[in-house]
Amino acid sequence: MSIVFTTIQSAEDIKAVLALQQLNLNQNISADTAQSQGFVTVVHNFDLLSRMNQTEAQIIAKDGDKVIGYALVMPTSFRKDIPVLMAMFDMLDQLTYQGKLIKDYAYYAMGQICVAEGYRGKGIFDGLYALHKKQLSSQYELCVTEIAKRNTRSLAAHTRVGFEVVHEYFDTTHPELWEVVVWDLRK
């Protein structure tokens, strides 16, 4: 195993990220797998991921030529590109972190993080976030995302790397309890 943490460099990398996403979407896996291994919720497409990559280099992990993990950077300029996330961004405009509105920080949303089956528990998740901090902490103060409360594996992993829960809410549009988490890149 020769793991490299890097960024999307080609259309093939984008296609590999999208394929890994499809394998781990909540609707494409069993409830047992979702409970034990975690899941992803949002579906990206080639055009959107290409545009996101042109705005901020998208972080991936590779084993040789195979993409085995990704941690997408979603700048706030993309807040209207994924309809299901618009409510999250609107809510973030109202939430505070350390006594200041989140919208008043230089922040980006974690566009999604996923590690391929067979590579979990091997430090890939932490390595993806380490590259986030290295590449993005000079221009952003915070990384913010929301995680389904039932996605206990993801919540535990995010807490381990330094995310803090700042808000919990129930989304009535797509019935689910969510935790809003913040990673202070200045620490």
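Above this text sits the structure in question.
Bear in mind the structure is a predicted one, so any value in this text is a computation, not a measurement. (Residues numbered from 1 in each chain as written. Predicted model: local features only at pLDDT ≥ 70, side-chain atom pairs only at ≥ 80, totals over all residues. Heavy atoms only, no water.)

1. Thoughts on the pairing of strand E2 (residues 59–63)
Inference 1: Taking burial as the measure, the five residues of E2 include five buried ones, the bulk of the element.
Inference 2: Of the two faces of E2, the one carrying Ile59, Ala61 and Asp63 and the one carrying Ile60 and Lys62 are both buried.
Inference 3: Both strand E1 (residues 3–7) and E2 contribute to a ladder of five bridges, which runs antiparallel. The residue of E2 that forms the bridge with Thr6 is Ile60.
Inference 4: The sheet contact formed by E2 and strand E3 (residues 66–75) spans five bridges and is antiparallel. The residue of E3 that forms the bridge with Ala61 is Gly69.
Inference 5: Two successive antiparallel strands, E2 and E3, enclose a turn made up of two residues, where Gly64 displays a positive phi of approximately 65°. (Buried < 20%, exposed > 50% of the residue type's maximum accessible area, 1.4 Å probe, protein only. Helix = DSSP H or I, 4+ residues; strand = E, 2+ residues; numbered from the N terminus. Pairing = 2+ DSSP bridges.)

2. Let's talk about the packing of aromatic side chains
Inference 1: If you walk through the whole model with that rule in mind, you get six aromatic pairs.
Inference 2: Their ring planes at 70° and their centres at 5.2 Å tell us that Phe125 and Tyr129 sit as a pair that is edge-to-face. In this pair, Phe125 and Tyr129 both sit in helix H5 (residues 124–136), four residues apart, roughly one turn of the helix. Here the two residues Phe125 and Tyr129 agree in accessibility, since each one is buried.
Inference 3: One aromatic cluster in this structure is built from Phe125, Tyr129, Phe163 and Trp183. (Phe/Tyr/Trp six-rings, centres within 6.5 Å; stacked < 30°, edge-to-face > 60°.)

3. Let's talk about the pattern of salt bridges
Inference 1: Summed over all chains, the structure comprises 12 salt bridges.
Inference 2: Lys149 is paired through a salt bridge with Glu168; the nearest N and O atoms lie 2.8 Å apart. Of this pair, Lys149 sits in the loop between strand E7 (142–148) and helix H6 (152–161) while Glu168 is found in strand E8 (residues 164–171), placing the two residues 19 residues apart along the sequence.
Inference 3: Take Lys149: its relative accessible area is 35%, and that puts it in the partly exposed class.
Inference 4: With a relative accessible area of 38%, Glu168 lands in the partly exposed category.
Inference 5: The salt bridge involving Arg186 is made with Asp184; its shortest N-O contact spans 2.7 Å.
Inference 6: What makes Asp184 buried here is its relative accessible area of 4%.
Inference 7: Where salt bridges share partners, they join Asp47, Arg51 and Asp81 into one cluster. (Salt bridge = Lys/Arg side-chain N within 4 Å of Asp/Glu carboxyl O.)

Just distances and angles here, no functional claims.
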